[in-house]
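# Per-entry structural report
Here's the letter readout for the chains.
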Amino acid sequence: MSLVARIARLERISRKLEPDAVERNEVRENVIRYTEHFLDTIATRKAYEFNSNLGAELLKSPIGEKSMPIQKAMKLIERAVDFPALNPASGGHLGYIPGGGIYYASLGDYMADVTNRYAGVFFAGPGAVRMENQLIRWVAGVVGYPRHAAGNLTSGGSIANLIGICTARDAKKVRAARVSSSVIYMTHQAHHSLEKAIRIAGLGECVMRHVKMDDHHRMDPIALAKQIASDRKEKLFPFLLIGSAGTTDTGSVDPLDALSRVARKYKLWFHVDAAYGGFFMLTTYGKKILQGIENSDSLSIDPHKGLFLPYGIGIVLVKNARQMHATHVYQANYMQDALSSVEEPSPADLSPELTKHFRGLRMWLPLKLHGVKPFRACLDEKLLLARYFHAEVAKLGFETGPKPELSVVTYRYVPRKGDADAFNKKLLTAVQRDGRVFISSTLLQGKFTLRFACLSFRTHQSTVDTLLTVLKREVRRLSKA
Ligand SMILES: *Cc1c(COP(=O)(O)O)cnc(C)c1O
């Protein structure tokens, strides 16, 4: 076969990758029918499907040369992927930190994927990069950062924390020889993604100080200042303070203003993990409780939590753009065309990623179509629902943690006789088996404790009332047993 004939033969096959309008329509109709059915029934779907189907059916259908019709593929997704275990799209998801999934974001993703705009470098996709930078500037404004702060749309809070910590490392000149005498400060309630980021950043051998907390699990700024002073006396190099703007476990907010003053006094880099709590800055109450966040050097904040977006988007902000750039920039020869016309910073110069998903559109479209107002109302509603739950669950005889600072409540039932930990474990399983709502647990001072975490945009008062009803019923049943 001639070269040209071989090419022609391959072209005929490879053109299958470009379905025509009729084929596109058929597949799209199936997908839309499926997702519409999902949304139509979301209110009555379980938040947790307690069964033995763990998606293993997928493995019986290996990836291979043969094509599969869309109907069959949809059935497989429904049974193996969208049915078992936790349903994060459900308003009944009240465990961990609930996610979102607002609809217009999915259409933003759809458009970004069809057009496949390149959002890594300004030269290639100036509009896409401008859109992402506009969103970053908007978030900077929300948290009280200056307009010239730099930022990046990441895949989530973990990578946002990593970028912040790598920038801190370089800005404070913590090179290899200095690592083992450099000191990092945070509390035991800091998110584990920070420990992970510290290790990945090559800072795993730093001295780690877990600062004392008050009885609301907030860092004690006086203990912090004492520890820094004593570390300096020991000829150690305190360089990084990490505060939490809403811990995952208990929703506690460190005293950010006081921490920022300690950081400034001792010239520490102040990173705030606001992955969960940051967007409460859109509310009047949140601004009060998160006061001081604007004095940090860097922060992470998750639109896939507090802006209810589907999973896959976090944000890191760094106040000093030059420092963020210094840590992440790289010039390759083959990229030399991209150097001209730098009206806007390129995401590729501010993150470990080069080619990346055009994440901006999934955030921009819902913000434009809804405006900010319903987002703010939804966050205020979550704050009040947490206070409502805190009051109502106490009326059912539960021991409760402190009045919620944000939207997490801790609580446990202490039965008249028998082991309280065992009782609450059984209670947790009973709620999960009911499945209408999903809750999770933690250990506080060694005690097995239940958590109520309210951040799904689909959680409303009726959801909370369902949880209260299930708790009441199951406590009664378990008390009799
Ligand atoms: C969720 C969370 C993270 C991690 O963010 P991901 O988006 O899951 O990577 C970090 N810190 C806090 C406080 C969180 O709640």
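First, a word on what this report is: a plain description of the structure on this page. Quick caveat, the model's predicted, so the values are computed rather than measured.

It is worth spelling out the pattern of salt bridges at this point. Taken as a whole, this structure holds 21 salt bridges when the rule is applied. Between D109 and R362 there is a salt bridge whose closest N-O contact spans 2.8 Å. Residue D109 is found in helix α4 (residues 103-115), and its partner R362 is found in helix α13 (residues 360-370); the two are separated by 253 residues along the sequence. The exposure class of D109 is buried, given its relative accessible area of 14%. E132 is the partner of K356 in a salt bridge, and the nearest nitrogen-oxygen pair spans 2.7 Å.

Let us look at the site of the ligand. Lining the immediate environment of the ligand, one finds 15 residues, of which S158, D273, D302, H304 and K305 sit closest. Within the side chain of T248, an N or O atom sits 3.0 Å from an oxygen atom of the ligand. H304 places a side-chain nitrogen or oxygen 2.7 Å from an oxygen atom of the ligand. Relative to its free-state accessible area of 370 Å², the ligand is covered by the protein chains to the extent of 85%. Secondary structure elements with two or more residues in the shell around the ligand: α6 (157-171) and α11 (303-306). Looking at the shell around the ligand, its residues break down into 3 nonpolar, 9 polar and 3 charged.

Moving on, we come to the sheet that holds strand β12 (residues 440-444). Taken in spatial order, the 4 strands line up as β10-β11-β13-β12 in an open sheet, and their pairing is antiparallel. Among the strands making up the open sheet, the edge pair consists of β10 (399-400) and β12. Taken together, the 5 bridges between β12 and strand β13 (residues 447-453) define a ladder with antiparallel strand orientation. Paired with T442 across the strands is T449, a residue of β13. The sheet contacts of helix α14 (residues 373-395) involve β10, β11 (408-412) and β13, and relative to β11 the element is tilted by about 10°. Against the sheet, helix α15 (residues 420-434) makes contact with β11, β12 and β13, and its axis sits at roughly 35° relative to β13, the strand it touches most.

Moving on: the nonpolar core. Buried together is how nonpolar side chains tend to be arranged in soluble globular proteins. L224, L241, L317 and M363 are the most contacted members of the largest nonpolar core, which has 64 residues in total. Examining the composition of this core, we find that 8 residues originate from one element, helix α5 (residues 126-143), more than from any other. The residue makeup of this core includes at least three contributed by each of domain 2 (108-370) and domain 3 (374-480). Leave out the neighbours within four places in its chain, and L317 touches I136, V139, A140, V143, Y145, A150, G151, D297, S298 and L299.

Moving on, we come to a positive patch on the surface. Residues K173, R175, R178 and R322 make up a contiguous surface patch of positive charge. You can see R178 is positioned in the loop between α6 and β4 (182-186).

The pairing of strands in a sheet happens through backbone hydrogen bonds and is either parallel or antiparallel. One open sheet holds the 7 strands; their spatial order is β3-β9-β8-β7-β6-β4-β5, and the pairing between them is mixed. Of all strands in the sheet, those with a lone pairing partner are β3 (150-154) and β5 (207-210), marking the two edges. Direction aside, the axes of adjacent strands within the sheet are offset by 15° on average. Of the pairings in the sheet, the one linking strand β6 (residues 237-244) to strand β7 (residues 269-274) comprises 5 bridges and is parallel in character. Along β7, the bridge assignment pairs G243 with V272. This element, α6, spans β3, β6, β7, β8 (298-301) and β9 (314-318) of the sheet and lies at about 180° to β7.

This part takes up the packing of helix α2 (residues 21-40) against helix α3 (residues 70-82). Contact geometry of α2 with α3 gives a least axis separation of 10 Å together with a crossing angle of 30°. Classified by the interaxial angle, the pair formed by α2 and α3 is roughly parallel. At the point where α2 passes α3, the crossing takes the right-handed sense. Judged by residue contacts, E26, V27, N30, V31 and Y34 of α2 engage I70, Q71, M74, I77, E78 and D82 from α3. Residue composition of the contact of α2 with α3, grouped by class: 6 nonpolar, 2 polar and 3 charged.

Another aspect to go through is helix α7 (residues 192-200). Within α7 the residues assigned to the buried category are S193, L194, A197 and I198. End-on view of α7: buried residues confined to an arc of 140°, all on one side of the axis. For α7, the exposed residues lying more than 90 degrees away from the buried face are H192, R199 and I200. Looking at the packing, one finds that the buried side of α7 touches α6, β4, β5, β6 and β7. Just beyond α7, the residue with positive phi is G202, at close to 85°.

Along β6, 7 of the 8 residues are buried, which leaves the element largely enclosed by surrounding structure. Chirality of the crossover, the property in question, places the unit of β6, helix α9 (residues 256-265) and β7 among those that are right-handed.

On to the side chain of D349. As for its position among the elements, D349 is in the loop between α12 (321-328) and α13. Buried and unpaired, D349 has no salt bridge, with K356 as the nearest side chain of opposite charge at 13 Å.

This brings us to unusual backbone geometry. Unusually for a residue other than glycine, K173 sits at a positive phi of about 55°. Assignment of secondary structure puts K173 in the loop between α6 and β4. Judged by its relative accessible area of 48%, K173 is partly exposed. Notably, K267 is not glycine yet its phi reads approximately 60°, a positive angle. Here K267 shows up in the loop between α9 and β7.

Further remarks concern the packing of α14 against helix α16 (residues 461-480). As a packed pair, α14 and α16 sit with axes 11 Å apart at the nearest point and diverge in direction by 20°. Comparing the axis directions of α14 and α16 gives the class roughly parallel. Considering only the axes of α14 and α16, their crossing is right-handed. Contacts between α14 and α16 involve L385, Y388, F389, E392 and V393 on the former and, on the latter, Q461, V464, D465, L467, L468 and L471.

Calculation notes
- Residues numbered from 1 in each chain as written.
- Predicted model: local features only at pLDDT ≥ 70, side-chain atom pairs only at ≥ 80, totals over all residues.
- Heavy atoms only, no water.
- Salt bridge = Lys/Arg side-chain N within 4 Å of Asp/Glu carboxyl O.
- Helix = DSSP H or I, 4+ residues; strand = E, 2+ residues; numbered from the N terminus.
- Buried < 20%, exposed > 50% of the residue type's maximum accessible area, 1.4 Å probe, protein only.
- Near = heavy atom within 4 Å.
- Polar contact = N/O pair within 3.5 Å; in protein donor to acceptor, adjacent residues only side chain to side chain.
- Areas by Shrake-Rupley, 256 points an atom, 1.4 Å probe, with all protein chains shown as cover.
- Nonpolar A, V, L, I, M, F, W, Y, C, P; charged D, E, K, R; others polar.
- Pairing = 2+ DSSP bridges.
- Contact = heavy atoms within 4.5 Å.
- Axes fitted to C-alpha atoms, helices over the stretch in contact; angles between N-to-C directions.
- Core = buried A, V, L, I, M, F, W, Y, C linked by side-chain atoms within 4.5 Å.
- Domains from an automatic or database assignment.
- Patch = residues over 30% accessible without salt bridge, like charges linked within 9 Å, V, L, I, M, F, W, Y side chains within 5 Å.
- Lys, Arg positive; Asp, Glu negative; His and termini not counted.
- Charge placed at Lys NZ, Arg CZ, Asp CG, Glu CD.
- Parallel < 35°, antiparallel > 145°, perpendicular 65-115°, else oblique.
- Left-handed = near helix turned anticlockwise from the far one by under 90°.
- Arc of directions from axis to C-beta.
- Right-handed = clockwise from strand over helix to strand, strands pointing away.

Shape is all these values report; function is a separate question.
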